[in-house]
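Residues per chain, in single letters:
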Amino acid sequence: MAEAKKTSAVKPEPDTVQAPAATVRTQEYAAGTGWQVGQTAPQDAFRALDTADFATPTGPVVHTHPGGYARQIVAKDGLITEGVRRELDAAESDESEQG
């Protein structure tokens, strides 16, 4: 009968044991602060809703809840998306048409 080949596991010397490399999280930076797409909102943005149907935004964009019914467009430190930017632009155009 053939003898099974014995292999011995080579154990490293205690001095040569290396700890696994540390996992370092990359630095996370917030997007720029402002009202452009991809940036973070510097303040809350609200717009009052019409009291007749409570669905039509009226008035300017304000940064504190105007009381009554209002729509929050974006929260402080929220991401400015294409939709948020459209709502802000719509508010600006409504204001320019009124006065």
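Scroll up for the structure.
Model, not experiment: these values are computed from the prediction.

### Quick word on helix α1 (residues 82–98)
For α1, with 17 residues, the first-to-last C-alpha span of 24 Å sits near the 24 Å given by 1.5 Å per residue. Of the positions making up α1, those classed as buried are V84, R85, L88 and A91. Projected onto a plane normal to the axis of α1, the buried residues spread over an arc of 125° and lie on a single side. Every exposed residue of α1 that faces more than 90 degrees away from the buried side is listed here: E82, R86 and E97. Against β1 (45–49), β2 (57–62) and β3 (70–74) lie the buried residues of α1.

### Topic: the nonpolar core
A41, A45, I73, V74, I80, V84 and L88 together form the largest nonpolar core, which totals seven residues. Elements with a contribution of two residues or more to this core: β3 and α1. Residues in contact with I80, not counting those within four places in the same chain, are G34, W35, Q36, V37, G38, Q39, T40, A41, V74 and R85.

### So, the packing of aromatic side chains
Within the structure shown, the criterion is met by one aromatic pair. Judged by centre distance (4.2 Å) and plane angle (50°), the rings of F54 and Y69 are tilted. Here F54 is found in the loop between β1 and β2, whereas its partner Y69 is found in the loop between β2 and β3, with 15 residues between them in sequence. By relative accessible area, which is 38% here, F54 ends up partly exposed.

### Some details on the pairing of β1
In terms of burial, β1 is a largely internal element, four of the five residues being buried. Alignment of β1 against β3, held across four bridges, turns out to be antiparallel. When the sheet's bridge partners are listed, R47 is paired in β3 with R71. Summarising the sheet, β1 and β2 pair through three bridges and their orientation is antiparallel. Counterpart to L49 in the pairing with β2 is P57.

Conventions adopted
The residue numbers shown here count from 1 along each chain, following its written sequence. pLDDT decides what is reported in this predicted model: residues at 70 or higher carry local features, side-chain atom pairs at 80 or more are listed and counted, and totals for whole chains, interfaces and linings draw on all residues regardless. Excluding hydrogens and water, the side-chain figures rest on all heavy atoms present in the structure. Helix and strand definitions here come from DSSP, where helices need a minimum of 4 consecutive H or I residues and strands a minimum of 2 consecutive E residues; each element is numbered from the N-terminal end. Expected helix span is taken as 1.5 Å per residue step, with the number of steps being one fewer than the number of residues. The cut-offs for exposure are 20% and 50% of the maximum accessible area for each residue type, with area from a 1.4 Å probe on protein chains only; residues under the lower value are buried, those over the upper are exposed, and the others partly exposed. Note that the arc is defined by the directions from the helix axis to the C-beta atoms. The contact rule is simple, with two residues in contact once any of their heavy atoms fall within 4.5 Å. Residues belong to a common nonpolar core when they are buried Ala, Val, Leu, Ile, Met, Phe, Trp, Tyr or Cys residues joined through side-chain atoms within 4.5 Å. When two rings of Phe, Tyr or Trp (its six-membered ring) have centres within 6.5 Å they constitute a pair, described as stacked for plane angles under 30 degrees, edge-to-face for angles over 60, and tilted for the intermediate range. At least two bridges found by DSSP between two strands is the condition for calling them paired.

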